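Chain and residue survey
As a plain string of letters, each chain reads:
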Amino acid sequence: MFPIRFPSFRTFLGASTIALFGATGCAGESEPAVAGTDQPAAATSAAADPAAATLASASREAVPGVPQITVYKTPTCGCCEDWVDHLRDNGFSVIVHDQNDLSGVKVANGITQQLASCHTAVIDGYVVEGHVPADLIARMLHERPEIAGLAVPGMPGGSPGMESAPKEPYQVLAIGKDGRTSVYANR
């Protein structure tokens, strides 16, 4: 099966708004991590779900010196896979959680519809929404700004993971801890 590619976020938004912000999660999926903590959004008992406990402990094991990022995406999104490859190509250790419903991850990490994209990630206390370039994630980790994280709303052409679409200018937004946004970088 070929990955589905969306020409623009406007196309994606219409069909996916309910998927992004509808139900709170699917049975059997691991709980999303919350940026700023090392805890899942809801506690999972090791006795109740040993596989989830193993996955949770594996998620915390980091390779020394390699930034580790946890990515939540849907299993069929090709541009999400391309973004994960972009992160790995740029030195990140990536843990991927495929889920059919990302609404719980987005809500737990303060991602609004205006900031939403097709995947959400957490790294070292920050949330990363959408096709944020790896160099800007590294810059954020180096500078340690007092923000909740970074977002590239939508799916702009030419952004990492969306290289097959015509390039368009886009902004990478800093998400304040109060939910307000400001421009972190122009690309």
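Below or above, wherever it landed, is the structure these notes cover. A quick note: this is a predicted structure, and the numbers were derived from the prediction, not measured. (Residues numbered from 1 in each chain as written. Predicted model: local features only at pLDDT ≥ 70, side-chain atom pairs only at ≥ 80, totals over all residues. Heavy atoms only, no water.)

What to know about the sheet that holds strand E6 (residues 171-175)
The condition is simple: Criterion used throughout: strands pair if DSSP finds at least two bridges between them. Secondary structure elements are defined from DSSP: runs of H or I of at least 4 residues count as helices, runs of E of at least 2 residues count as strands, and each element is numbered from the N terminus. Between the N-to-C directions of two axes lies an angle of 0 to 180 degrees, each axis being a line fitted to C-alpha atoms and, for a helix, fitted only over the stretch in contact. Contacts between residues were defined by any pair of non-hydrogen atoms, one from each residue, lying within 4.5 Å.
Pairing is mixed across the open sheet formed by seven strands, whose spatial order is E2-E1-E3-E4-E5-E6-E7. With partners counted over all chains shown, the strands left at the sheet margins are strand E2 (93-98) and strand E7 (181-186), one partner each. Within the sheet, the average angular offset between the axes of one strand and its neighbour, ignoring direction, is 25°. Bridging between strand E1 (residues 68-73) and E2 involves six bridges; their strand directions are parallel. Along E2, the bridge assignment pairs Thr70 with Ile95. Where helix H3 (residues 78-89) meets the sheet, it contacts E1, E2, strand E3 (120-123) and strand E4 (126-130), and its direction lies at approximately 175° from that of E1.

A closer look at the pairing of E3
Rules: Accessibility here uses a 1.4 Å probe with only protein chains present; expressed as a share of the type maximum, an area under 20% marks a residue as buried, one over 50% as exposed, and anything in between as partly exposed.
Neither face of E3 is exposed, since Thr120 and Val122 on one face and Ala121 and Ile123 on the opposite face are all buried. Of the pairings in the sheet, the one linking E3 to E4 comprises four bridges and is antiparallel in character. Along E4, the bridge assignment pairs Thr120 with Glu129. Following E3, the chain reverses through two residues before pairing antiparallel with E4; Asp124 in that reversal takes a positive phi of roughly 45°.

The values are spatial; any link to function lies outside them.
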